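Structural features, examined
Listed below, chain by chain, are the residues.
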Amino acid sequence: MTSFDAIDALRTELFNQYETLENKADILKSPKLKELLASIRTIEPEDRAAFGQAVNQLSQDLKAKVQADSEQVSELPPIDTTAPFDINGSISDFLPAEQGSIHPITQEIAKVSNILSRMGFQIFESREIDDQYHMFESLNFPKGHPARDEYDTFMTVEKDNDGEPFIAPAHTSTMQNRVMKALKGNLEKGLPIAASSIDRVFRNEDLDARHEHTFYQCEGVYVDKGVHAGMLVATLKSFLESYYEKELQVRINPFYFPFTEPSFEFALSCPFCDGEGCNVCSQEGWIELLGCGMIHPNVLRAAAIDPEVYTGFAWGVGVERLIMMKHGIEDIRHFESAKLDFLRQF
Ligand SMILES: [Zn+2]
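Below, the structure is looked at part by part. Everything numeric in this text was worked out from a predicted model, so none of it was measured. (Residues numbered from 1 in each chain as written. Predicted model: local features only at pLDDT ≥ 70, side-chain atom pairs only at ≥ 80, totals over all residues. Heavy atoms only, no water.)

Quick word on the overall build of the chain
The criterion, for reference: The way it works is that DSSP assigns letters per residue, a run of H or I at least four long becomes a helix, a run of E at least two long becomes a strand, and they are numbered from the N terminus. The classification of residues rests on relative accessible area computed with a 1.4 Å probe and restricted to protein chains. Under 20% of the type maximum is buried, over 50% is exposed, and intermediate values are partly exposed. Should any heavy atoms of two residues lie within 4.5 Å, those residues are counted as being in contact. For every accessible area listed, the method is Shrake-Rupley and the probe measures 1.4 Å; residues are considered covered only by the protein chains on display. Charged residues are defined narrowly, with Lys and Arg counted positive, Asp and Glu counted negative, and His plus the chain ends left uncounted. In plain terms, the charge of a residue is placed at NZ if it is Lys, CZ if Arg, CG if Asp and CD if Glu.
Along its length, the chain carries 11 helices and 9 strands. Dimensions of the chain, computed from the C-alpha atoms along their principal axes, are close to 75 × 60 × 50 Å. Residues counted as buried form 43% of the 346 residues belonging to the chain. For the chain, the share of sequence-separated contacts (at least 6 apart) that also reach a separation of at least 24 residues comes to 67%. Here the chain displays about 18,800 Å² of accessible surface, and carbon together with sulfur accounts for 51% of that area. Side-chain charges of the chain comprise 32 positive and 55 negative groups, with the mean position of each set lying 4 Å from the other.

Looking at the side chain of Glu108
Secondary-structure assignment places Glu108 in helix α4 (residues 104–118). Leaving out residues up to four positions away in the same chain, Glu108 has contacts with Tyr243, Ile323, Lys326 and His327.

Some details on the coordination of the zinc ion
What counts, and what does not: Nitrogen, oxygen and sulfur within 2.8 Å of a metal are treated as its donors, or within 3.2 Å for sodium, potassium and calcium (Na, K, Ca); water is not counted, so a site can appear incomplete. Every angle between 85 and 135 degrees makes a four-donor site tetrahedral, while opposite donors more than 155 degrees apart, with all other angles between 65 and 115, make a four-donor site square planar and a six-donor site octahedral; other sites are irregular.
The protein atoms donating to the zinc ion are Cys270 (SG), Cys273 (SG), Cys278 (SG) and Cys281 (SG), with metal-donor distances spanning 2.2 to 2.3 Å. One can describe the site at the zinc ion as tetrahedral: its 4 donor atoms subtend angles covering 104 to 112 degrees at the metal. Along the chain, the residues donating to the zinc ion are arranged with the sequence spacing C-x2-C-x4-C-x2-C. For Cys270, a relative accessible area of 0% puts it in the buried group.

Points about the pairing of strand β2 (residues 155–159)
Just so we agree on the cut-off: Two strands form a pair only when DSSP identifies at least two bridges running between them.
Little of β2 sits inside the fold, with 0 of its 5 residues counted as buried. Pairing of β2 with strand β3 (residues 165–167), which is carried by 2 bridges, proceeds in the antiparallel orientation. Following the sheet pairing, Lys159 is matched in β3 by Pro165. The antiparallel pairing of β2 with β3 creates a hairpin that spans 5 residues between the two strands, and Gly163 there sits at a positive phi of about 80 degrees.

Details of the sheet that holds strand β8 (residues 286–295)
The criterion, for reference: Structural elements are reduced to axes, namely lines fitted to C-alpha atoms, with helices fitted over the stretch in contact, and the angle between N-to-C directions of any two is expressed from 0 to 180 degrees.
Reading across the sheet, the 7 strands line up as β1-β4-β5-β9-β8-β7-β6 and stay open at both edges, with mixed pairing between neighbours. Each edge of the sheet is formed by a strand with only one pairing partner; in this case those strands are β1 (122–124) and β6 (250–257). With strand direction ignored, the average angle separating the axes of adjacent strands in the sheet is 25 degrees.

Remarks on the packing of aromatic side chains
What describes a pair of aromatic rings is the distance from one ring centre to the other and the angle between the planes of the rings. To keep things clear, this is the line we draw: Centres within 6.5 Å are what make two rings of Phe, Tyr or Trp a pair, Trp counting through its six-membered ring; a difference in plane orientation under 30 degrees is then read as stacked, over 60 as edge-to-face, and the rest as tilted.
According to the stated counting rule, one finds 12 aromatic pairs in the structure shown. With a centroid separation of 5.6 Å and an interplanar angle of 75 degrees, the aromatic rings of Phe4 and Phe51 are classed as edge-to-face. With Phe4 in helix α1 (residues 3–20) and Phe51 in helix α3 (residues 45–74), the pair connects residues that are 47 residues apart, well separated along the chain. Taken together through their ring pairs, the aromatic side chains of Phe136, Phe141, Phe255, Phe257 and Phe259 make up a single cluster.

Section: the packing of α4 against helix α8 (residues 229–244)
Put simply, the rule reads: When an angle is under 35 degrees it counts as roughly parallel; over 145 it counts as roughly antiparallel; between 65 and 115 it counts as roughly perpendicular; any other value is oblique. A clockwise turn of the near helix away from the far one marks a right-handed crossing, whereas an anticlockwise turn of less than a right angle marks a left-handed crossing. In this classification, Asp, Glu, Lys and Arg are treated as charged, Ala, Val, Leu, Ile, Met, Phe, Trp, Tyr, Cys and Pro as nonpolar, and every other residue, Gly included, as polar.
Axis separation between α4 and α8 bottoms out at 10 Å; the angle between their running directions is 135 degrees. The orientation of α4 relative to α8 falls into the category oblique. The two elements α4 and α8 cross, and the hand of that crossing is right-handed. Contacts between α4 and α8 involve Glu108, Lys111, Val112, Ile115 and Leu116 from the former and Phe239, Ser242 and Tyr243 from the latter. Among the residues making up the contact of α4 with α8, the classes are represented as 5 nonpolar, 1 polar and 2 charged.

Brief notes about the environment of Gln283
As for its placement among the helices and strands, Gln283 is situated in the loop between β7 (260–269) and β8. By relative accessible area, Gln283 is classed as exposed at 52%. Remark: the alpha-carbon pair of Gln283 and Cys270, spanning 13 residues in sequence, is separated by 9.4 Å. When near neighbours in sequence (up to four residues on either side) are disregarded, Gln283 contacts Gly277 and Cys278.

So, α1
Note the cut-off: Expected span, for any helix, means 1.5 Å times one less than how many residues it has. Here the arc refers to the set of directions running from the helix axis out to each C-beta atom.
Its 18 residues place the ends of α1 26 Å apart at the C-alpha level, agreeing with the 26 Å of an ideal helix rising 1.5 Å per residue. For α1, the set of buried residues is Ile7, Leu10, Leu14 and Tyr18. Each buried residue of α1 lies within a common arc of 75 degrees when the element is viewed along its axis, so the set occupies one face. When the buried face of α1 is taken as reference, the exposed residues oriented beyond 90 degrees from it are Asn16, Glu19 and Thr20.

Section: the pairing of β6
As defined by bridge partners, β6 adjoins β7 across 7 bridges and the pair is classed as antiparallel. Paired with Arg251 across the strands is Ala267, a residue of β7. The hairpin formed by β6 and β7 contains 2 residues between the paired strands.

Observations regarding the pattern of salt bridges
Any two side chains of opposite charge can pair, so long as their charged atoms come close to each other. What counts, and what does not: Any carboxyl oxygen of Asp or Glu within 4 Å of a side-chain nitrogen of Lys or Arg constitutes a salt bridge here.
The final tally for this structure, using the stated rule, is 12 salt bridges. With a closest N to O distance of 3.1 Å, Glu128 and Arg200 form a salt bridge. Of the two residues, Glu128 sits in the loop between β1 and α5 (132–135) while Arg200 sits in strand β4 (residues 193–202), which places them 72 residues apart along the sequence. Among the ionic pairs, Lys143 bridges to Glu164, the shortest N-O distance being 3.8 Å. With Lys143 in the loop between α5 and β2 and Glu164 in the loop between β2 and β3, this pair connects stretches of sequence that are 21 residues apart. The network of salt bridges with common partners includes Glu137, Lys143 and Glu164.

Spelled out as structure tokens, the structure:
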């Protein structure tokens, strides 16, 4: 087989493999593709340019395929997100107060808080401006950690005492360190730390049907002696069954977060179709809903809790995501759109 035939063979192999991948972008990380790219320099000089071009073409075609398919997934009819009236004009009287209603996010946060309170979790508010220590260091993202780049959010021009800009939190995990310190006395009394922070978070996102720059997150932490991953799964299952008012199947897959070890992606049977397959779950019957895991020993240490004695779990879930699945809402941008025809359905 000539080296050019090898490119053709790999092309067929990778495009076949592509169809079987859950995360399509993984194809670009294929070791065989990397090997082929690396082999360019071993080709005889007279063939090298043509060979390199053919390998690059394969790599480009894969990228284009991933890109095209990802656009197809998120392609929903555009919705109008402009303000429904002239925000610079005088205040109109088109909406008498007696016709107003509580915003769906506020309503659902009350339900979520209520369920968690009854399960023994103390509810904390988060902050809308925080420092780098609580956003990163206290959560086991040391300075220069590559995972910091995945949390692209907004920062202030003003600097804190360490010369770092303040940050608009990209997750409510910014509260973990404070909550664990505040409730550490529980452990000394033989009681668990059980707390949840539900509040607004911010990301520098390209907006589409699934991504907003501002959304709500519900974070939970539980620390005690002998806490294990089975308790994490049982707690989340019980919480979600209360919220969706039905029995659910759940499953976890290994994942990576710096602040939990091991980390999991938590999926549940689609509450909309009970796992039969529908548009909400892309016919999968399962929905990857949230990230969770066992709290990393360094995160416990940062709150002066001894990881040799205590263990704990934590989770974070997007509140809009919960609501969208409950009510079959197809576009996250409805929530902040101030459109009355949307709001009046709640
Ligand atoms: Zn479904």
